[in-house]
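Residue-level listing of the chains:
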Amino acid sequence: MSTLTQAQPGTAAEARLLSVPLAATFLAEFASLTSFFLLLSVLPMLAAAGGDGSSGAGLITGSLLLGTVAAEAVAAPAIRRLGYRTVLAAAAVLLGAPALALLAREPQAVMVSVSLVRGLGFGLAGVATGALTARLLPPGRRGEGLGLLGIVSGVPAVLALPAGVWLAGHHLAVAAAAMAAAAGLLPLGVIRWLPGGRELRPAARPRRALGTRRRRRMAGGALRLPLIFAAATIAAGVLDSFLPLAKGMPSSLASAALLVQAITATLSRWQAGRHGDRYGHARLLPPALAVAALGMTAMLALGSPAMIFAGMVLFGAGFGVIENATFAQLLEQLPEAKASALWNLAYDAGYGAGPAVFGLICVRTGYPAAFALTGALILAAVPVALRQRKAVENAGLLTSSDGHPVQ
């Protein structure tokens, strides 16, 4: 059941947020993402150094994305049939074991195969840990708990990604592969503390209690929310891929700006969860989209470091809120595994498609204008977010933590 629909007076204050199974889930999430980010840039670097050029690097990244999306598409049915423990164990093996192949050989065929299989493991792990987190959180603090998951998932991007690049740059790619294998397999050690059964649907009974008209009003959210999130992830992929490539952009400035964006997004996601639990998640989306769009528009002034950092703070703040609010609302309408799979699919599809289209546009418009156009795309999602809030209000699900409707 959703955070908002079940909240009763005093529930949020009385419910205990952390538990042993939730801590184990967070550890599995942290380990999986650490393994993923350690080799995210290393394999393309190895391909380029081996003479395969940008096409080889692109093939490796594309195979990783292909495996991830394919796994996310089947993760929810797999969890229903096999249970969380089995799926997460398979994810750990698929993510960690293939990295061991890089200890012996590094030809392109091996790296492409490794990336594809690791993508499968990463996709399964992301859906399983997201769904488990939602299942294990107390209803009145679900948004806050999802925010904590955002912190857990944000740290590997900040630490493991540059660590892998540093190791590869110092001819220690084998060490990076060994670390990625160990981190990928680490969740096997905590699986016994996780729920062992198949997916449960505690929200099913309350949802059936809703009237037919209310269910119809909310049904569109399963489509609206991924579209809203994808508009933001498109921009995130564009920034990560192209900000360092902008003309006249020092690499140190780009790295610092992206770090600021990542930290801001992580913190705002956590705060958005706490605020959404109290006042409703749907009402956060329109202003968050506007703030994120403003951050992208600030990239018109790429010659000003101050404007770049201001833009990254604004985009990061909006993006973190959008991350948490869309996931929390999907969980109000769908079973945990299906909501997690849909959210992850929107993330990866937008993150992968954005740079592909941006690369075609920026050669005609230049980087500043192309960044601003990306901001316009985010802004175009505001009417969809307003419709989503209206649907939630009409369904009577926009309530505060004291159980009263939000005006």
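Residues numbered from 1 in each chain as written. Predicted model: local features only at pLDDT ≥ 70, side-chain atom pairs only at ≥ 80, totals over all residues. Heavy atoms only, no water.

Caption draft 1: Seen up close, the overall build of the protein chain. What the protein chain contains, in helices and strands, is 18 helices and 0 strands. Taken over 407 residues, the protein chain has a buried fraction of 52%. Counting contacts in the protein chain only where the partners sit at least 6 residues apart, residues at least 24 apart contribute 85% of the total. Carbon and sulfur atoms form 67% of the exposed surface of the protein chain, whose accessible area is close to 16700 Å². (Helix = DSSP H or I, 4+ residues; strand = E, 2+ residues; numbered from the N terminus. Buried < 20%, exposed > 50% of the residue type's maximum accessible area, 1.4 Å probe, protein only. Contact = heavy atoms within 4.5 Å. Areas by Shrake-Rupley, 256 points an atom, 1.4 Å probe, with all protein chains shown as cover.)

Caption draft 2: Seen up close, the nonpolar core. The biggest cluster of nonpolar side chains holds 60 residues, and the ones touching the most others in it are Leu 243, Leu 302, Phe 315, Ile 322 and Phe 371. Of all the elements, helix 15 (residues 305-333) adds the most residues to this core, at 11 residues. Not counting residues up to four positions away in its chain, the partners in contact with Phe 371 are Val 238, Leu 239, Phe 242, Leu 243, Met 296, Met 299, Leu 302 and Phe 358. Counting 26 residues, the second-largest nonpolar core is a separate cluster that includes Leu 38, Val 42, Ala 99 and Leu 102. (Core = buried A, V, L, I, M, F, W, Y, C linked by side-chain atoms within 4.5 Å.)

Caption draft 3: Spotlight on the pattern of salt bridges. A full pass over the atoms with the stated rule returns 4 salt bridges. Arg 269 is the salt-bridge partner of Glu 323, the closest N and O atoms lying 3.8 Å from each other. Separated by 54 residues along the polypeptide, Glu 323 in helix 15 and Arg 269 in helix 13 (residues 251-279) bring together distant segments of the chain. One salt bridge connects Arg 389 with Glu 393, and the closest N-O pair in it is separated by 2.8 Å. With a gap of 4 residues between them, Arg 389 and Glu 393 both fall in helix 18 (residues 382-395), about one helical turn apart. (Salt bridge = Lys/Arg side-chain N within 4 Å of Asp/Glu carboxyl O.)

Caption draft 4: Region of the structure containing the packing of aromatic side chains. Counted according to the given criterion, the structure contains 15 aromatic pairs. Each ring, one from Phe 229 and one from Phe 319, has its centre 6.2 Å from the other, and the planes form 25°; the classification is stacked. Residue Phe 229 is located in helix 12 (residues 221-242), and its partner Phe 319 is located in helix 15; the two are separated by 90 residues in the primary sequence. Phe 319 shares its class with Phe 229; the two are buried. What links up through ring pairs into an aromatic cluster is the set Phe 229, Phe 315, Phe 319, Phe 327, Trp 343, Tyr 347 and Tyr 351. (Phe/Tyr/Trp six-rings, centres within 6.5 Å; stacked < 30°, edge-to-face > 60°.)

Caption draft 5: Region of interest: unusual backbone geometry. Residues other than glycine seldom take positive phi values, yet His 171 does so here, at roughly 60°. Secondary-structure assignment places His 171 in the loop between helix 8 (142-169) and helix 9 (173-185).

Caption draft 6: Structural view of a nonpolar patch on the surface. A cluster of nonpolar side chains, contributed by Val 357, Leu 360, Ile 361 and Leu 373, occupies part of the molecular surface with about 370 Å² of accessible area. With respect to the helices, strands and loops of the structure, Val 357 is situated in helix 16 (residues 336-365). With a relative accessible area of 47%, Val 357 lands in the partly exposed category. (Patch = residues over 30% accessible without salt bridge, like charges linked within 9 Å, V, L, I, M, F, W, Y side chains within 5 Å.)

Caption draft 7: Geometry of the packing of helix 4 (residues 42-49) against helix 7 (residues 108-136). Where helix 4 contacts helix 7, the axes come no closer than 10 Å and their chain directions differ by 165°. Overall, the two elements helix 4 and helix 7 adopt an arrangement that is roughly antiparallel. Helix-helix and strand crossings are classified by hand; for helix 4 and helix 7 the assignment is left-handed. Contacts between helix 4 and helix 7 pair Leu 43, Leu 46 and Ala 47 from the former with Met 111, Val 114 and Ser 115 from the latter. (Axes fitted to C-alpha atoms, helices over the stretch in contact; angles between N-to-C directions. Parallel < 35°, antiparallel > 145°, perpendicular 65-115°, else oblique. Left-handed = near helix turned anticlockwise from the far one by under 90°.)

Caption draft 8: Structural view of the environment of Pro 139. Turning to its location among the elements, Pro 139 is positioned in the loop between helix 7 and helix 8. Sequence separation between Pro 139 and Leu 17 is 122 residues, and the spatial gap between their C-alpha atoms is 9.6 Å.

Caption draft 9: Molecular detail of the environment of Leu 88. Residue placement: Leu 88 occurs in helix 6 (residues 84-96). In this structure, the C-alpha to C-alpha distance between Leu 88 and Ala 28, residues 60 residues apart in sequence, is 8.6 Å. What Leu 88 contacts, discounting residues up to four positions off in sequence, is Ala 28, Ala 125, Ala 128, Thr 129, Ile 191 and Leu 194.

Caption draft 10: View of helix 15. A rise of 1.5 Å per residue sets the reference length of helix 15, with its 29 residues, at 42 Å; its end C-alpha atoms lie 42 Å apart and thus fit the reference within 8%. Within helix 15, 21 of the 29 residues are buried, which leaves it mostly tucked inside the rest of the structure. (Expected span 1.5 Å × (residues − 1).)

Caption draft 11: Inspection of the side chain of Ser 35 at higher detail. Checked against the element boundaries, Ser 35 lands in helix 3 (residues 20-40). A relative accessible area of 0% places Ser 35 in the buried class. A polar atom in the side chain of Ser 35 sits 2.7 Å from the backbone oxygen of Ala 180. Residues in contact with Ser 35, not counting those within four places in the same chain, are Leu 95, Arg 118, Ala 180, Ala 183 and Gly 184. (Polar contact = N/O pair within 3.5 Å; in protein donor to acceptor, adjacent residues only side chain to side chain.)

Caption draft 12: Main features of the packing of helix 8 against helix 13. Orientation of helix 8 relative to helix 13, taken along the N-to-C sense of each, is 170°, at an axis distance of 6 Å. In terms of orientation, helix 8 lies roughly antiparallel with respect to helix 13. Of the residues in helix 13, those touching helix 8 at Arg 142, Gly 143, Glu 144, Leu 146, Gly 147, Leu 148, Leu 149, Gly 150, Ile 151, Ser 153, Gly 154 and Val 158 are Leu 259, Ala 262, Thr 266, Arg 269, Trp 270, Gly 273, Arg 274 and Asp 277. Across the contact of helix 8 with helix 13, the residue classes break down as 8 nonpolar, 7 polar and 5 charged. (Nonpolar A, V, L, I, M, F, W, Y, C, P; charged D, E, K, R; others polar.)

Caption draft 13: Structural context of the confidence of the model for the protein chain. On average, the protein chain scores 85 in pLDDT, and the residues at 70 or more come to 86%. Of the regions scoring below 50 in pLDDT, residues 1-13 engages in 34 contacts with residues more than four places distant in sequence or in other chains. (pLDDT = per-residue confidence, 0-100.)

Caption draft 14: Looking closely at the side chain of Ser 268. You can see Ser 268 is positioned in helix 13. Within the structure, Ser 268 has its side chain in polar contact with the backbone oxygen of Ala 317 (distance 3.1 Å). Aside from chain neighbours lying at most four places away, what touches Ser 268 is Gly 316, Ala 317, Gly 320 and Val 321.

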